Amino acid sequence: MYTQGLDQAGKDRRVAAETEELLNAFQKRVDAEEKIEAKDWMPEAYRRTLIRQISQHAHSEIIGMQPEGNWLTRAPSLKRKAILLAKVQDEAGHGLYLYSAAETLGVSRDQMVADLLSGKAKYSSIFNYPTLSWADIGAIGWLVDGAAIMNQIPLCRCSYGPYARAMVRVCKEESFHQRQGFDIMHSLCLGTAAQKAMAQDALDRWWWPSLMMFGPNDSESTHSAQSMAWKIKRFSNDELRQKFVDVTVQQADFLGLSVPDDELRFDDETGHYQFGEINWQELFDVIAGNGPCNKQRLEKRQRAHTDGAWVREAAQAYASKQAARAAA
Ligand SMILES: [Fe+2]
Ligand SMILES: [Fe+2]
């Protein structure tokens, strides 16, 4: 639609040879903290990396609505229902901004959606875990949105302008999400023994998957070095994970909850918390499609897409009618 001109520019860029001169000039702009815009020359690998990253991010926002949407009708009060509904709607909005940002790189939304529905595209592993109790909604806001913020604040300074600008608003909303999750946990921890136990159980189940959200250890992370050089990424996976642990362990202490890690301890020398080894096999299994809810999440998304066909057709018919009227 509005990005057809950019699609064309994308094709032209692919034809242009990536001479040393062009690559050096590009890197110089990145090093000088200039924003790269949609119509600017960019290396093909930079474009592909961003399409992969931004579309995965968008898919995660869309699939991420499911575990929480599951609790919309069961939230314990009208106030909690209204807050959760607003939060889930925010996530839909994040998905839409991000699809738009990816479209500026010359990929179509139809293609991205098709890749998600066919199972070819990835989304964050965390959304393949079930939400078993109301406390899980607290744990998701506190831990999952909290981890997302750690990852996404540096993206506001990403070298690619449209992505960086989209992230500014996304991050503001994510910080509300984190606080609403913490507020749910806080209320439960001030409640009855059963409520506090529910909060502890949610932390036990969401802690490790949240640490996995930062991706493999730096030594195993294949795309990291190039993404850092291009200033798409500003901090490594391990640096971000450490920041998250340092902040979150103190919040757990405040709540009176215990983090499910026997090896967790504060290291006076480094000023950081040391933590145990992540079960990497679990992460790789979930990414490979074998998590507890992968199948369910994808099937639900496919069904929603089919059920929503009439909305897309109606919107298209309306747009055509408006365009015909404008032309007349
Ligand atoms: Fe989000
Ligand atoms: Fe969020």
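Conventions and cut-offs
Each chain has its residues counted from 1, following the order in which its sequence is written. As a convention, the first chain written is A and the first ligand written is 1, with the rest following in written order. Local features are withheld for residues below a pLDDT of 70 in this predicted model, meaning they are given only at 70 or higher, and side-chain atom pairs are given and counted only at 80 or more; totals for whole chains, interfaces and linings count all residues. Hydrogens and water are ignored here; the side-chain numbers use all heavy atoms of the structure. Every helix listed is a DSSP run of H or I at least four residues long, and every strand listed is a run of E at least two residues long, numbered separately from the N terminus. To estimate how far a helix should extend, the number of its residues minus one is multiplied by 1.5 Å. Note on classification: 1.4 Å probe, protein chains only; a residue is buried when its accessible area is under 20% of the maximum for its type, exposed when over 50%, partly exposed between these limits. Contacts were defined at the residue level, with two residues in contact if any of their heavy atoms lie within 4.5 Å. We call two N or O atoms a polar contact when they sit within 3.5 Å, provided that within protein one can donate a hydrogen and the other can accept it, with sequence-adjacent residues counted only if both atoms are side-chain atoms. Here the coordinating atoms are restricted to nitrogen, oxygen and sulfur within 2.8 Å of the metal centre, or 3.2 Å for Na, K and Ca, and because water is not among them the sites may look incomplete. Angular criteria define each label, namely tetrahedral for four donors with all angles between 85 and 135 degrees, square planar for four and octahedral for six donors with opposite donors over 155 degrees apart and remaining angles between 65 and 115, and irregular for whatever fails these tests. Salt bridge, as applied in this entry: a Lys or Arg side-chain nitrogen positioned within 4 Å of an Asp or Glu carboxyl oxygen.

For helix α5 (residues 78–103), built from 26 residues, the straight-helix expectation of 38 Å at 1.5 Å per residue is met to within 8% by its first-to-last C-alpha distance of 38 Å. Those residues of α5 that fall on the buried side of the exposure criterion are R80, L84, K87, V88, E91, H94, G95, L98, Y99, A101, A102 and E103. Packed against the buried residues of α5 are α3 (44–63), α4 (65–69), α6 (109–118), α7 (134–152) and α8 (161–189).

This next bit is on the environment of S210. Turning to its location among the elements, S210 is positioned in helix α9 (residues 193–212). Through-space distance from the C-alpha of S210 to that of P292 is 15 Å; in sequence the pair is 82 residues apart. The contact partners of S210, leaving out residues within four places of it in the chain, are I126, L143, V144, A147 and F244. At 2.6 Å, the side chain of S210 forms a polar contact with the backbone oxygen of W206.

Our next topic: unusual backbone geometry. The phi angle at E33 is positive, at roughly 65°, despite the residue not being glycine. Within the secondary structure, E33 is located in the loop between α2 (20–31) and α3. A residue is classified by how much of its surface remains accessible, and E33, at 41% relative accessible area, is partly exposed. The backbone phi angle of K231 is positive, close to 60°, even though this residue is not glycine. Within the secondary structure, K231 is located in the loop between α10 (224–229) and α11 (237–255).

A few words on the coordination of the iron ion (ligand 1). Those donors, E61 (OE), E91 (OE), H94 (ND1) and E174 (OE), are the protein atoms that reach the iron ion (ligand 1), and they lie 2.0 to 2.2 Å from it. Each of the four donor atoms bound to the iron ion (ligand 1) contributes to angles spanning 85 to 144°, and the resulting shape is irregular. Donor residues for the iron ion (ligand 1) sit on one chain with the sequence pattern E-x29-E-x2-H-x79-E. The iron ion (ligand 2) is placed at 3.4 Å from the iron ion (ligand 1), the two being bridged by E91. Taken as a pair, E61 in helix α3 and H94 in helix α5 lie far apart in primary sequence, 33 residues in all. Both residues of the pair, E61 and H94, belong to the buried class.

Now for the pattern of salt bridges. Evaluated as defined, the whole model comprises 18 salt bridges. Salt-bridge contacts for E37 lead to R165; the nearest nitrogen and oxygen are separated by 2.8 Å. Of this pair, E37 sits in the loop between α2 and α3 while R165 sits in helix α8; the two residues are 128 residues apart in sequence, bridging distant segments of the chain. Salt-bridge contacts for R205 lead to D201; the nearest nitrogen and oxygen are separated by 3.0 Å. In this pair, R205 and D201 both sit in helix α9, four residues apart, roughly one turn of the helix.

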